[in-house]
Amino acid sequence: MSRRREPVPFAFLAEADTFRSNVAPPPRRRSSVGQVAGRWLLGLTIVAGLVGSVVLGGPALSTPSTTRTQQSQASQGH
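Residues numbered from 1 in each chain as written. Predicted model: local features only at pLDDT ≥ 70, side-chain atom pairs only at ≥ 80, totals over all residues. Heavy atoms only, no water.

Colleague: Report on the overall build of the protein chain, specifying residues and quantitative values.
Modeller: From N to C terminus, the protein chain includes 2 helices and 0 strands. In the protein chain, which comprises 78 residues, the share counted as buried stands at 1%. Carbon and sulfur atoms make up 61% of the accessible area of the protein chain, which amounts to about 8400 Å² in all. (Helix = DSSP H or I, 4+ residues; strand = E, 2+ residues; numbered from the N terminus. Buried < 20%, exposed > 50% of the residue type's maximum accessible area, 1.4 Å probe, protein only. Areas by Shrake-Rupley, 256 points an atom, 1.4 Å probe, with all protein chains shown as cover.)

In structure tokens, the structure reads:
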């Protein structure tokens, strides 16, 4: 019993799900030690930059816990 499909403008798209290739892709090449070390170093540099920006920028973004109103001498009438 054959299945009837809806007509589509591009017939090759309708049959694409039934097509299976018998050609296997080539195996992935292993990364060299230098490439792995470079990736680790790049990742570590990015993480260190983000942590450093949070550490250095944190105090600038926080509000002081004790806020005193400072008045200039001119506003006191001196």
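Further notes follow.
Colleague: Tell me what's going on with a nonpolar patch on the surface, and back it up with residues and numbers.
Modeller: Among the surface-exposed residues, V47, V51, V55 and L56 lie close enough to one another that they form a single nonpolar patch of about 400 Å² accessible area. Mapped onto the secondary structure, V47 falls in helix 2 (residues 33–61). (Patch = residues over 30% accessible without salt bridge, like charges linked within 9 Å, V, L, I, M, F, W, Y side chains within 5 Å. Salt bridge = Lys/Arg side-chain N within 4 Å of Asp/Glu carboxyl O.)

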